[in-house]
Structure formats: C-alpha cells, structure tokens
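Architecture at a glance
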Amino acid sequence: MLNPLSIIIALHAICAVIWVGGMFFAYVILRPSLGTLEPPQRLTLWNTVFTRFFIWVWIAIIILPASGYLLVFNQLGNFQSAGLHVHIMHILGLTMVGLFLFLYFSPYRHFRVAVAAKDWPQAAQHLNSIRRVVSINTLLGLATVFIGASGRFWI
Ligand code: HEM
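The rules we used
- Residues numbered from 1 in each chain as written.
- Predicted model: local features only at pLDDT ≥ 70, side-chain atom pairs only at ≥ 80, totals over all residues.
- Heavy atoms only, no water.
- Donors = N, O, S within 2.8 Å, 3.2 Å for Na, K, Ca; no water.
- Tetrahedral: all angles 85-135°; square planar, octahedral: opposite > 155°, others 65-115°.
- Helix = DSSP H or I, 4+ residues; strand = E, 2+ residues; numbered from the N terminus.
- Contact = heavy atoms within 4.5 Å.
- Axes fitted to C-alpha atoms, helices over the stretch in contact; angles between N-to-C directions.
- Parallel < 35°, antiparallel > 145°, perpendicular 65-115°, else oblique.
- Left-handed = near helix turned anticlockwise from the far one by under 90°.
- Nonpolar A, V, L, I, M, F, W, Y, C, P; charged D, E, K, R; others polar.

Turning next to the coordination of the iron atom of the ligand. Octahedral six-donor coordination of a metal ideally yields angles of 90 or 180 degrees, compared with 109.5 degrees for tetrahedral four-donor coordination. All of the protein donors around the iron atom of the ligand are H12 (NE2) and M89 (SD); their distances to the metal are 2.0 to 2.2 Å. Relative to the metal, the 6 donor atoms surrounding the iron atom of the ligand lie at angles of 82 to 179 degrees, and the coordination shape comes out octahedral. One end of the pair, H12, is in helix 1 (residues 4-33); the other, M89, is in helix 3 (residues 84-105), and 77 residues separate them in sequence.

By the secondary structure assignment, I130 is in helix 5 (residues 120-150). Counting along the chain gives 72 residues from I130 to W58, while the straight-line C-alpha distance between them is 16 Å. If near-sequence neighbours (up to four positions away) are discounted, I130 is found in contact with F50, L103, P107, Y108 and F111.

The next point concerns the packing of helix 2 (residues 39-76) against helix 4 (residues 107-116). Contact pair helix 2 / helix 4: the axes reach a minimum separation of 10 Å and the direction vectors enclose 135 degrees. The angle between helix 2 and helix 4 places the two elements in the oblique class. The crossing of helix 2 and helix 4 is left-handed. Along its contact with helix 2, which presents L43, W46, N47, F50, T51 and F54, the element helix 4 presents Y108, F111, R112 and V115. Residues belonging to the contact of helix 2 with helix 4 are distributed by class as follows: 7 nonpolar, 2 polar and 1 charged.

Shape descriptors only; they carry no functional weight alone.
What follows is the structure in structure tokens.
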C-alpha cells in the first residue's frame, strides 16, 4: 500500500534525478557536442536550453528541501534523531540551492542580456561563469545523491 511518505520520498528522488541528471547531461554531453557551432548559434542554443531547464530546476529547488524536511520531521522524528548522512545532505542541498540562486540572478541574467544584444564575446564570458557554477553543482549533486541513497546503510 502507498503511504504519503512513500510519495514524498519518490518525489524527492525524482527531483534529484531531474536536477542532477540535467546538469550532468548539459555539462558532460551537450557542452562538448556543441564545440563545432559558431558562437551566435551556440550561445543562442544555450540560452534556449537554460530557459527550459531552469523551470525544472526551480521546481526541484522547492520540492527537494520541502520533501526533505517533511521526511525529517515525519519519518525520522527531527534533525537530532536523523543520521549523519541527512545532515550532510541538508548542508550540501542548501549549498546547491544557494549556488543555483547566485547563477540564476548573476551570470545567467547577464548572459541573457548579452545574447539579446547579440554581444557574443560578453555572452561567452558569462557562459563560462555559468559553466563553472554548473560544474561545481554537478559534483555536489552527485555527492549528495550518493550520500542520500547510501547513508542509511552506513554503520
Ligand atoms: C535540502 C535539504 C534536504 C533534506 C532535509 C533531505 C532529507 C532527506 C531525507 C530525510 C531522506 C531519507 C533518508 C533516509 O531515510 O535514510 C533523503 C533521501 C534522499 N535524498 Fe535528500 N534531502 C535534502 C536534499 C537533497 C538533495 C539536494 C538531493 C540530491 C540532489 C537529495 C537526494 C536524496 C536521495 C537520492 C535520497 C534517497 C532516496 C531513496 O532512494 O530512498 N536530497 N533526503
């Protein structure tokens, strides 16, 4: 029988898959595949990719902490009774959210303005800043998934 907590943990895991999987795809697969395109096409394509992907990231950064806190307070009791892996996941998760908010309101905002103005050198520079933040968040995301999924089996 499905109980509400099983839906919440499934939503939590699905949001992690969408966010971390999307970043992994963008960084590891899409980025090297676009190397042959000219800057106007490449930067315009990235602009479209970000516009679509970031809607899903906004959904994930709301549902992940919300479902995480529901799990802590309904399944585990509270943060004091939660395992070390939950504390690490919590800190890493909030760090990832903070990095995304910085990315969204700083380099991504400047990137969009530069693409709209067809200022390709500026857009490329801001894309480079976005790339750096995404690379950090991809690594943090993979580490968080590893810890979140395996932590309950730690001794
Ligand atoms: C923001 C604060 C977060 C809190 C409070 C939180 C809390 C939790 C809790 C309580 C569990 C269940 C752990 C257990 O029963 O042993 C869990 C599982 C999990 N969390 Fe988080 N989490 C957070 C963020 C994240 C983030 C950002 C990710 C990934 C990007 C993530 C990925 C996972 C995964 C993969 C699981 C295991 C799901 C499963 O297969 O059962 N969590 N989380």
